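Read off the chains here:
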Amino acid sequence: MDIRTITRKAEKFGRQQADEVLKFRTRELQRRSKAVGKAARGVKVLSSPPISGKFIRAVGGISSSGILVAEGDSWFDYPLNDILRLLEDHHGYDVESVAHKGDRVEDMAYGLGQLEEFTRRIEKLLRRNIIPKAILLSGGGNDVAGTEFSVMVNHARSPIAGLNKSVLQGVIDERVYISYATILSAITRLCEQRLGQRIPILVHGYDYSVPDGRGFWGGWGILPGPWLEPGFREKGYDDMKIRIDLTKQMIDRFNKMLQNIVDTTSFSHVKYIDLRNSLSIGSNYKKDWANELHPTEAGFKRITNRFAAVLDTLP
């Protein structure tokens, strides 16, 4: 089956997923409407007291660079620092998020619970007469890293040492690609049905990282990580330069996959953000990378600036 046929099947399934969620939400909204009407009967409506200006000033005023809705992984949901926090605090946006660290793009594509929660956020904005400026989608890192990573690498002593091209194609160019096509199609359908229009969707690849064995806060005990080093060690790769080169090849493959999706006619409203070479992998890389997969505060700031630059181009 060629990729165009696979893409069409994924898009169709995504729309079906969206229609199923919309059907469920319509029933729930009918219940909500009855509950609101029942609660309002016999209740004297009072005007809300004005909010003191000092409290409004304390939260930065009522102005905003725009409303964003986000779904994604730990790059959108990381303790103390992540892209969404910085878009709010450093760039003035307000973000409605259903992102959750550790989520795979497969979870987003095929888990109706996440899609339903995303729809609820859109409905809440609609009740406030707000159309979001953009949808942000982050995913795929958890689909290729972790326990599955070692299967994508041939042993260092193998005649075909390096990345396993067949496995890489199956994971990135098929599984992750189809998941992205599915979730993008579902989100597009939901916005068309609820908002009457397509909303720009921003997706991103990941930057080159250093597989040095550092996990979250060291990765000790039950803490997440490391995600890459164990696979390299298992397959006999001790040379850090070789590890970095193979990681770069995988990241390039992932970014190419995303670019291919954006280039399809169905997703002309989807914008791809290339984050490669935002962060250092040289001798001072620890200033940019908190661990194998996540930037430091300074690193997240540079990454977020690239998001903001693309958002600035939107109407």
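In this report, the structure presented in the accompanying data block is examined. (Residues numbered from 1 in each chain as written. Predicted model: local features only at pLDDT ≥ 70, side-chain atom pairs only at ≥ 80, totals over all residues. Heavy atoms only, no water.)

**With respect to the overall build of the chain**
For step 1, the next point in the chain: Across its full length, the chain carries 10 helices and 7 strands.
For step 2, the next point in the chain: On the principal axes, the C-alpha backbone points of the chain span a range of 80 × 50 × 40 Å.
For step 3, the next point in the chain: Sorting the 315 residues of the chain into buried and exposed places 47% on the buried side.
For step 4, the next point in the chain: Long-range pairs, those at least 24 residues apart, make up 79% of the contacts in the chain between residues at least 6 apart in sequence.
For step 5, the next point in the chain: When the accessible surface of the chain is summed, it comes to about 16,200 Å², and 52% of that surface belongs to carbon and sulfur atoms.
For step 6, the next point in the chain: Of the side-chain charges in the chain, 46 are positive and 38 negative, and the distance between the mean point of each set is 6 Å. (Helix = DSSP H or I, 4+ residues; strand = E, 2+ residues; numbered from the N terminus. Buried < 20%, exposed > 50% of the residue type's maximum accessible area, 1.4 Å probe, protein only. Contact = heavy atoms within 4.5 Å. Areas by Shrake-Rupley, 256 points an atom, 1.4 Å probe, with all protein chains shown as cover. Lys, Arg positive; Asp, Glu negative; His and termini not counted. Charge placed at Lys NZ, Arg CZ, Asp CG, Glu CD.)

**Section: the side chain of Glu11**
For step 1, the next point in the chain: With respect to the helices, strands and loops of the structure, Glu11 is situated in helix 1 (residues 3-40).
For step 2, the next point in the chain: Buried charge Glu11 goes without a salt bridge, the closest partner of opposite sign being Arg15 at 4.2 Å.
For step 3, the next point in the chain: With residues near it in sequence (within four places) discarded, Glu11 still touches Ala181, Ser185, Ser266 and Phe267. (Salt bridge = Lys/Arg side-chain N within 4 Å of Asp/Glu carboxyl O.)

**Digging into the pattern of salt bridges**
For step 1, the next point in the chain: Applying the stated criterion across every chain, the model contains 21 salt bridges.
For step 2, the next point in the chain: For Arg121, the salt bridge identified is with Glu117, shortest N-O distance 3.0 Å. With Arg121 and Glu117 both in helix 5 (residues 112-127) and 4 residues apart, the pair spans about one turn of that helix.
For step 3, the next point in the chain: Exposure remark for Arg121: the relative accessible area of 18% places this residue in the buried category.
For step 4, the next point in the chain: With a shortest N-O distance of 2.3 Å, Asp288 and Arg302 are connected by a salt bridge. Here the residue Asp288 occupies a position in the loop between strand 7 (270-273) and helix 10 (297-311), and Arg302 occupies one in helix 10, the gap between them amounting to 14 residues.
For step 5, the next point in the chain: Overall, the relative accessible area of 7% leaves Asp288 in the buried class.
For step 6, the next point in the chain: Look at the salt bridges and you will find they share partners, linking Glu96, Glu117, Arg120, Arg121 and Arg128 into a network.

**Let's talk about the packing of aromatic side chains**
For step 1, the next point in the chain: Within the structure shown, the criterion is met by 9 aromatic pairs.
For step 2, the next point in the chain: Centroid distance Phe13 to Tyr110: 6.1 Å. Interplanar angle 50°. Geometry classified as tilted. Here Tyr110 lies in helix 4 (residues 105-110) and Phe13 lies in helix 1, a separation of 97 residues in the sequence.
For step 3, the next point in the chain: Look at Phe149 and Phe232: their rings are 5.0 Å apart centre to centre, the planes differ by 70°, and that puts the pair in the edge-to-face class. Here Phe149, found in the loop between helix 6 (141-144) and strand 4 (153-154), pairs with Phe232, found in helix 8 (residues 229-234); they are 83 residues apart in sequence, far enough to count as distant. Like Phe232, Phe149 is buried.
For step 4, the next point in the chain: Three or more aromatic residues link up through ring pairs in this structure, and these residues are Trp75, Tyr78, Tyr206, Phe216, Phe254 and Phe300.
For step 5, the next point in the chain: Taking NZ or CZ as reference, Lys248 lies 4.9 Å from the ring centre of Tyr208, over its face. (Phe/Tyr/Trp six-rings, centres within 6.5 Å; stacked < 30°, edge-to-face > 60°. Lys NZ or Arg CZ within 6 Å of the ring centre and 35° of its normal.)

**Considering the packing of helix 1 against helix 7 (residues 165-195)**
For any two helices packed against each other, the geometry comes down to the angle between their axes and how far apart the axes lie.
For step 1, the next point in the chain: Where helix 1 meets helix 7, the closest approach of the two axes is 7 Å, and the angle between their N-to-C directions is 40°. Taken together, the axis directions place helix 1 and helix 7 in an arrangement best described as oblique. Relative to helix 7, helix 1 is oriented so that their crossing is right-handed.
For step 2, the next point in the chain: Looking at the contact of helix 1 with helix 7 residue by residue, the classes come out as 12 nonpolar, 6 polar and 7 charged. (Axes fitted to C-alpha atoms, helices over the stretch in contact; angles between N-to-C directions. Parallel < 35°, antiparallel > 145°, perpendicular 65-115°, else oblique. Left-handed = near helix turned anticlockwise from the far one by under 90°. Nonpolar A, V, L, I, M, F, W, Y, C, P; charged D, E, K, R; others polar.)

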